[in-house]
Amino acid sequence: MKQQKVAIISDTHGHIDDNIIEIIKDCDQVIHAGDICGAHVLEQLAEISDKVTAVTGNNDAPGLWAEEETEVVSQLPRTATIELPGGSVAVEHGHIHGMHQPEHELLRQAHPEARVIIYGHTHSMVIDDDQRPWVVNPGAAGATRTRGGPSCLVLTALEEGEWDIQMIRFHDEQVA
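I will try to describe carefully the structure that is included in this document. Given the structure is predicted, the values throughout are model-derived calculations rather than measurements.

**Focus on the overall build of the protein chain**
Across its full length, the protein chain carries four helices and ten strands. Going residue by residue from the N terminus, the α and β elements of the protein chain occur as β-α-β-α-β-α-β-β-α-β-β-β-β-β. Compactness check: the protein chain gives a C-alpha radius of gyration of 15 Å against a globular reference of 16 Å for 176 residues, within 12% of the reference. For the protein chain, the spread of C-alpha atoms along the principal axes amounts to about 45 × 35 × 30 Å. In the protein chain, the proportion of contacts linking residues at least 24 apart, taken out of those at least 6 apart, comes to 50%. Only carbon and sulfur atoms are counted for the fraction: they give 45% of the accessible area of the protein chain, which is about 8,500 Å².

Structural data, given as structure tokens:
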């Protein structure tokens, strides 16, 4: 039984939590759904995985990253599609489908062929699997507005077509 484990992260805003890094190390590939905020984040991911897919968020544009990183950010796509055993995954940041809370129905209309649609932007972890395509958000994998702690999703895709998504959150440590 062949399977693929995919780490799904978003909204790192220049920093990936160490606990999230450990999750990524145990996966076959990583997807970043935008608001990367620096080439160093992409370099860090590339050191861990040879399969990294990243899309731009509303904070990923020339002029928002360091000037010497303009070429890197300019080459990132707005959307991506990844083929996995049993279907495809569509990735975008989501902010064009509702600035404060992307509309899941609009995401489904934009990517009807996908089995799962991944978005970021809200920093809130969500799995909406009531209908297909599923719409998921890994929350924030960095230190900015984590809504209780850095989080990510792990998608396990089996050759037989069975998919499972695990929600992972590392709770913020309370400082006394």
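More follows now that the structure is in view.
**Things to note about the sheet that holds strand β5 (residues 87-92)**
Sheet strands line up and pair through hydrogen bonds in the backbone, either parallel or antiparallel. A sheet is described by the order of its strands in space; here five strands give the open sequence β4-β5-β6-β8-β7, paired in mixed fashion. Single-partner strands in this sheet number two, and they are β4 (79-84) and β7 (125-128). Shown here is a sheet whose adjacent strand axes are inclined to one another by a mean of 20°, direction ignored. In this sheet, strand β8 (residues 134-138) lies alongside strand β6 (residues 116-118) in parallel orientation, the contact comprising three bridges. Bridge pairing in β8 links V116 to W134.

**Concerning the packing of aromatic side chains**
Enumeration over the complete set of coordinates arrives at zero aromatic pairs. The ring of W134 has R115 sitting right over it, with the charged end atom 6.0 Å from the ring centre. Sitting over the ring of W163, R115 keeps its end group 4.4 Å from the ring centre.

**Thoughts on unusual backbone geometry**
Across the junction of R132 and P133, the peptide omega takes the value -5°, indicating a cis bond. Of note, the phi angle at C37 is positive, near 65°, even though the residue is not glycine. Given the relative accessible area of 24%, C37 is considered partly exposed.

**A short note on the nonpolar core**
The biggest cluster of nonpolar side chains holds 22 residues, and the ones touching the most others in it are I9, I20, I24, I36, L45, W65 and L76. Of all elements in the fold, only β1 (3-9), α1 (18-25), α2 (39-48) and β9 (151-158) reach the threshold of two or more residues within this core. If near-sequence neighbours (up to four positions away) are discounted, I36 is found in contact with T12, H13, G14, V41, L42, A54, V55, D60, W65 and L76. Membership of the second largest hydrophobic core comes to 20 residues, among which are I31, I118, A157 and W163.

**What about the sheet that holds strand β10 (residues 163-169)?**
Strand order across the open sheet formed by five strands is β3-β2-β1-β9-β10, with mixed pairing between neighbours. With one partner strand each, in any of the chains shown, β3 (52-54) and β10 form the two edges of the open sheet. Direction aside, the axes of adjacent strands within the sheet are offset by 20° on average. Across three bridges, strand β2 (residues 29-32) lies against β3 in parallel orientation. Along β3, the bridge assignment pairs H32 with A54.

**Points about the packing of α1 against α2**
Where α1 meets α2, the axes come as close as 10 Å, and the angle between the chain directions of the two elements is 40°. Relative to α2, the element α1 lies oblique. Two packed elements cross with a definite hand, and for α1 against α2 that hand is right-handed. Residues I21, I24 and K25 of α1 touch α2, and the partners they reach there are Q44, L45 and I48.

**Considerations on α2**
Buried residues of α2: A39, V41, L42 and L45, and no others. In an axial view of α2, the angular spread of the buried residues amounts to 155°, which keeps them on one side of the axis. The elements touched by buried residues of α2 are β1, α1, β2, β3 and α3 (70-74).

Parameters and conventions
Residues numbered from 1 in each chain as written. Predicted model: local features only at pLDDT ≥ 70, side-chain atom pairs only at ≥ 80, totals over all residues. Heavy atoms only, no water. Helix = DSSP H or I, 4+ residues; strand = E, 2+ residues; numbered from the N terminus. Rg over C-alpha atoms; globule rule 2.2 N^0.38 Å. Contact = heavy atoms within 4.5 Å. Areas by Shrake-Rupley, 256 points an atom, 1.4 Å probe, with all protein chains shown as cover. Pairing = 2+ DSSP bridges. Axes fitted to C-alpha atoms, helices over the stretch in contact; angles between N-to-C directions. Phe/Tyr/Trp six-rings, centres within 6.5 Å; stacked < 30°, edge-to-face > 60°. Lys NZ or Arg CZ within 6 Å of the ring centre and 35° of its normal. Buried < 20%, exposed > 50% of the residue type's maximum accessible area, 1.4 Å probe, protein only. Core = buried A, V, L, I, M, F, W, Y, C linked by side-chain atoms within 4.5 Å. Parallel < 35°, antiparallel > 145°, perpendicular 65-115°, else oblique. Left-handed = near helix turned anticlockwise from the far one by under 90°. Arc of directions from axis to C-beta.

From the geometry alone we can't say anything about function, so treat these as descriptive.
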